[in-house]
Number of protein chains: 2
Amino acid sequence: MKQLRVYLAGPEVFLPNAREILDAKIELTKTAGFLPVSPGDLGIPETVTRKEKGLAISAIDEKLMRSADMIIANLTPFRGLSADTGTCFELGFMCALERPAFAYTNDARDHYKRIHDHYDGNICTESGSPRTPDNMSVEDFDMVDNLMMHGGIENRGGVVVVGNAAPDQMMTDFTAFKQVLEIAANNLLHS
Amino acid sequence: MKQLRVYLAGPEVFLPNAREILDAKIELTKTAGFLPVSPGDLGIPETVTRKEKGLAISAIDEKLMRSADMIIANLTPFRGLSADTGTCFELGFMCALERPAFAYTNDARDHYKRIHDHYDGNICTESGSPRTPDNMSVEDFDMVDNLMMHGGIENRGGVVVVGNAAPDQMMTDFTAFKQVLEIAANNLLHS
C-alpha cells in the first residue's frame, strides 16, 4: 500500500515549544499509518533581509504542500476569533489541488458562537441576517470558521472534527487531532 | 486583447452595504480593463439546512475562482489582527492554481506592528525571536500578514499595496484598491 503524505498545517509553529509539539504530531501521524509532511522539514536558505526570509519560507512551505497527498489543518482559533491565516491559505491551496482535506479545532464553539460570545451576545437579527454592533454580518452555517474552509473540506468528502480542549490546552491538546487522524485513516487507508 | 477575469476577494461581503461596495469595486475593475468576478455573481440554490447553504456558497465561490484568471485580495484586517480567513483561503486557492495574485490592505501597519500595538508594545525579544506575553512568536518579515499570503503573492510576481485609510473607512476606502488595479493592469495588460 502506498503511504500517503499528510501536510500538517496549524498555528503550533508559533509555540515556544513548537518543535516538541510538531514532533508529537509527526509521531501520531506515523502511528496512524501516514507519512507526515511538516513546516520545518526543509532547511531555510540564508537570506539578507527579513522580507527575503519570509519569501523563502513561503516558497518552501508551498513546495512541501505540493509534495503532500493531503492536508490536516488545525483550525483552532489563533490570536482572536478565527483560525490562523497562514493555515487558511494552506487549506485553500490544497483544496485547489483537489487533495483530500481534513481539519480539527480544539474550540467546541462554532464560528457564530465565538463571535456571539466576543460581542457579549450583542448580535442583532432585525435586518434578517445576524449582525455585530458594527453592523457587519455574521455567518451562521453550523461551521467552525468561514464557510470557505469548512465547505472546502466537506465538499471534498473530508471531515472537520470539533474537540473541546481546556482553555490552557487549546494549542497542545491532541484529542481532536487523534480523532481526525483515525477518521482519515479509515476513509483513505482502510476503505 | 483577451480580457482577464479578476476574482475580487475580501471581507466587504459582510458590510451592511455589501452590494453597493461590491458594485463600486466591479466598476473600478472594469475601468482598469479587467473583467470582474465577484462573490454573488451566481445565484445560491435553495437549501434546507444552514450547513447546506454554507456548502453551496463554498462550491459556487470555488467555481467562480476557477473561472478567473487572477485574484485581487483585500487583506485589510477583519474582526481582529489579521485578514479575513475566507479571503486567505481564496488567495491560497488561486496561488495553488498558479494564477497571478495581487492584494491590498487599508491598514498602514504591517503584521508585526499590529500585533505590537495590540499588546501595547509588550513584545519580548529575549529568546531571540519576538514573542507576545503568552509566549507565542511573532512573524517579523516586513509583511502585511502571515508570510504565506504575502510570500505567495510576491513569489509569483504579484504586488501587495499598503494603503492608509481613515479608521472609519477601513472597509470602504478604494485608494489602495485603485492603486493595485493600476499596477496589475500595467503588469498584465500593458506590458
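Here, the structure is the one placed above.
The structure contained in this document is the topic of the report that follows. (Residues numbered from 1 in each chain as written. Chains lettered and ligands numbered in written order. Predicted model: local features only at pLDDT ≥ 70, side-chain atom pairs only at ≥ 80, totals over all residues. Heavy atoms only, no water.)

On to the sheet that holds strand E4 (residues 101-105) of chain B. Residues and elements named next belong to chain B. Taken together, the five strands give an open sheet; going across it, the order is E2-E1-E3-E4-E5, and neighbouring strands pair in parallel fashion. Only two strands of the sheet have a single partner each, and these edge strands are strand E2 (35-37) and strand E5 (160-162). Recorded for the sheet is a direction-independent mean angle of 20 degrees between the axes of neighbouring strands. Together, strand E1 (5-9) and E2 form the strand contacts of helix H2 (residues 50-67), whose direction differs from that of E1 by roughly 145 degrees. (Pairing = 2+ DSSP bridges. Helix = DSSP H or I, 4+ residues; strand = E, 2+ residues; numbered from the N terminus. Axes fitted to C-alpha atoms, helices over the stretch in contact; angles between N-to-C directions. Contact = heavy atoms within 4.5 Å.)

Quick look at the interface of chain A and chain B now. Facing 60 residues of chain A, the contacting portion of chain B comprises 60 residues. For the pair chain A and chain B, the two sides together bury roughly 4,800 Å², of which 60% comes from carbon and sulfur. Between Lys-51 of chain A and Glu-154 of chain B there is a salt bridge, with its nearest N and O atoms 3.2 Å apart. For the pair chain A and chain B, the interface holds 25 residue pairs in polar contact (both at pLDDT 80 or more). Broken down by secondary-structure element, the contributors of at least two residues to the side of chain A that touches chain B are helix H2 (50-67), helix H3 (85-96) and helix H5 (147-154) of chain A. Top contributing element to the side of chain A that touches chain B by residue count: H2 of chain A, with twelve residues. Split by residue class, the side of chain A that touches chain B holds 29 nonpolar, 14 polar and 17 charged. (Buried area = accessible area lost by both parts, 1.4 Å probe. Salt bridge = Lys/Arg side-chain N within 4 Å of Asp/Glu carboxyl O. Polar contact = N/O pair within 3.5 Å; in protein donor to acceptor, adjacent residues only side chain to side chain. Nonpolar A, V, L, I, M, F, W, Y, C, P; charged D, E, K, R; others polar.)

That is the geometry; function is a separate question.
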